[in-house]
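Chain by chain, the residues:
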Amino acid sequence: MAQNLIRMLSADPDQPKRGRNVDGTRCHKTDLAKGNRAAMYRVLYYYPKAKNEVYFILLFAKADQGNLTDDQVKKINYITDAIDKGTIKGLISLDERVP
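Now for a description of the structure that goes with this document. (Residues numbered from 1 in each chain as written. Predicted model: local features only at pLDDT ≥ 70, side-chain atom pairs only at ≥ 80, totals over all residues. Heavy atoms only, no water.)

A word on the nonpolar core
Part 1: The biggest cluster of nonpolar side chains holds 12 residues, and these are Val22, Cys27, Leu44, Tyr46, Ile57, Leu58, Phe60, Leu68, Val73, Ile76, Ile79 and Ile83.
Part 2: If you list the elements that add at least two residues to this core, you get β3 (40-46), β4 (55-61) and α2 (70-85).
Part 3: Counting residues per element, this core draws most heavily on α2, at 4 residues. (Core = buried A, V, L, I, M, F, W, Y, C linked by side-chain atoms within 4.5 Å. Buried < 20%, exposed > 50% of the residue type's maximum accessible area, 1.4 Å probe, protein only. Helix = DSSP H or I, 4+ residues; strand = E, 2+ residues; numbered from the N terminus.)

A closer look at the pattern of salt bridges
Part 1: With the rule as written, the count across this model stands at 3 salt bridges.
Part 2: The closest approach of N and O atoms between Arg26 and Asp81, which form a salt bridge, is 2.7 Å. In this pair, Arg26 is assigned in the loop between β1 (20-21) and β2 (28-33) and Asp81 in helix α2, connecting sequence segments 55 residues apart.
Part 3: Using a relative accessible area of 37% as the deciding quantity, one classes Arg26 as partly exposed.
Part 4: Note that Asp84 is salt-bridged to Arg26, the shortest N-O span being 2.5 Å. (Salt bridge = Lys/Arg side-chain N within 4 Å of Asp/Glu carboxyl O.)

What to know about α2
Part 1: Along its 16 residues, α2 runs 23 Å from first to last C-alpha, staying within 8% of the 22 Å computed at 1.5 Å per residue.
Part 2: For α2, the full list of buried residues reads Gln72, Val73, Lys75, Ile76, Ile79, Thr80, Ala82 and Ile83.
Part 3: Residues of α2 that are buried sit in contact with β3 and β4.
Part 4: Downstream of α2 by one or two residues, Gly86 has phi in the positive range, about 75°. (Expected span 1.5 Å × (residues − 1). Contact = heavy atoms within 4.5 Å.)

Any link to function would need more than the numbers given here.
The following block contains the structure:
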């Protein structure tokens, strides 16, 4: 599944924003299927063009959750702000408290 996403994003390196914008965030989303199964996964990623890097923010099964909660949007915005400021130190869990 990860290879499919990497292949999709790297097919056009100048335009990795292939997914739809996620309301309330600066992230994009795309849907991926797992193998031949009907299971669909939503992948949220952030592409700050100035850094020319893609950050994978969140992956979840569409059967488990349809849209992001307000709390998740707040935490995702905290993470993308930290990426922009260069203050990210390792991984951040969406289960952590946002200052």
